[in-house]
Amino acid sequence: MRKLFTLTIAAVLLVSMSFSGISKKIIVIDAGHGGTDNGATHNDLQEKDIVLNIAKKIKELNKDENIEILLTRDGDSYPSLSDRSGYANKVKPDLLISLHMNKALKNTDKKGAEIYYQDNENSKNIASQLATSFDNCLTKHLNLHILRESTSPALLLELGFMSNEDDRNYYSSEKGQTETAEKILKFVSQK
């Protein structure tokens, strides 16, 4: 029911924009994992919660009337990978960003963001531009479902490593989540 409501709202927004002459930039933020899929964990911290908090902050902090932020999930649910890419393909966003946290099992010193992009120059360029917002950020192509199946430009952003104390403390903090949401929002507003 919630998915139908979200899709209906998106459709109404798209129709109303076509009559107003104003073209809004549509950004889909996918908070990875959810429901029974916790993603990377450390003690009581779960990837699914951290990325959902950041996704909701991006939407909440957006005050630009020319940018519409849509979320693939806004609670602790697990939309399938096909639901996520299908939703994005229906709303045809200018950009899809899937948020995740990484985990290195053997190297707790490993830290920093990584951005995976679709197998095309446009997504590669967008990834390179977003990478400048994060310290020591690596970018590379990876054949992941959300990237492969999206018909719009799409990135998967691994924010940091749950296995690294500095990354874990930063991204699980209110300050870190707000600063990360602001970085992403600033980037999409300049695209």
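In case you missed it, the structure is sitting above this.
In this text the structure is predicted, and so the values were computed from the model without any measurement. (Residues numbered from 1 in each chain as written. Predicted model: local features only at pLDDT ≥ 70, side-chain atom pairs only at ≥ 80, totals over all residues. Heavy atoms only, no water.)

(A) Local environment of the packing of aromatic side chains. In this structure the tally under the stated criterion is one aromatic pair. Aromatic pair Tyr170 and Tyr171: ring centres 5.0 Å apart, planes at 80 degrees, arrangement edge-to-face. With relative accessibility at 6%, the residue Tyr171 sits in the buried group. Its guanidinium or amino end placed over the ring of Tyr78, Arg84 lies 5.1 Å from that ring's centre, counting from NZ or CZ. (Phe/Tyr/Trp six-rings, centres within 6.5 Å; stacked < 30°, edge-to-face > 60°. Buried < 20%, exposed > 50% of the residue type's maximum accessible area, 1.4 Å probe, protein only. Lys NZ or Arg CZ within 6 Å of the ring centre and 35° of its normal.)

(B) A look at the pattern of salt bridges. Applying the stated criterion across every chain yields a total of seven salt bridges. A salt bridge links Lys57 to Glu174; the nearest nitrogen and oxygen atoms lie 2.5 Å apart. Of this pair, Lys57 sits in helix H2 (residues 47-61) while Glu174 sits in helix H7 (residues 174-190), and the two are 117 residues apart along the sequence. Classification of Lys57 by relative accessible area gives buried; the value is 14%. Taking relative accessible area as the criterion, Glu174 reaches 52% and is therefore assigned exposed. (Salt bridge = Lys/Arg side-chain N within 4 Å of Asp/Glu carboxyl O. Helix = DSSP H or I, 4+ residues; strand = E, 2+ residues; numbered from the N terminus.)

(C) Spatial organisation of the sheet that holds strand S1 (residues 25-31). Across the sheet, which stays open at both edges, the six strands sit in the order S4-S1-S5-S8-S6-S7 with mixed pairing between neighbours. Every interior strand has two partners, whereas the edge strands, strand S4 (67-71) and strand S7 (138-141), have only one. For this sheet the average axis-to-axis angle between neighbouring strands, irrespective of direction, equals 25 degrees. With four bridges connecting them, strand S6 (residues 114-117) and strand S8 (residues 154-161) associate as antiparallel partners. (Pairing = 2+ DSSP bridges. Axes fitted to C-alpha atoms, helices over the stretch in contact; angles between N-to-C directions.)

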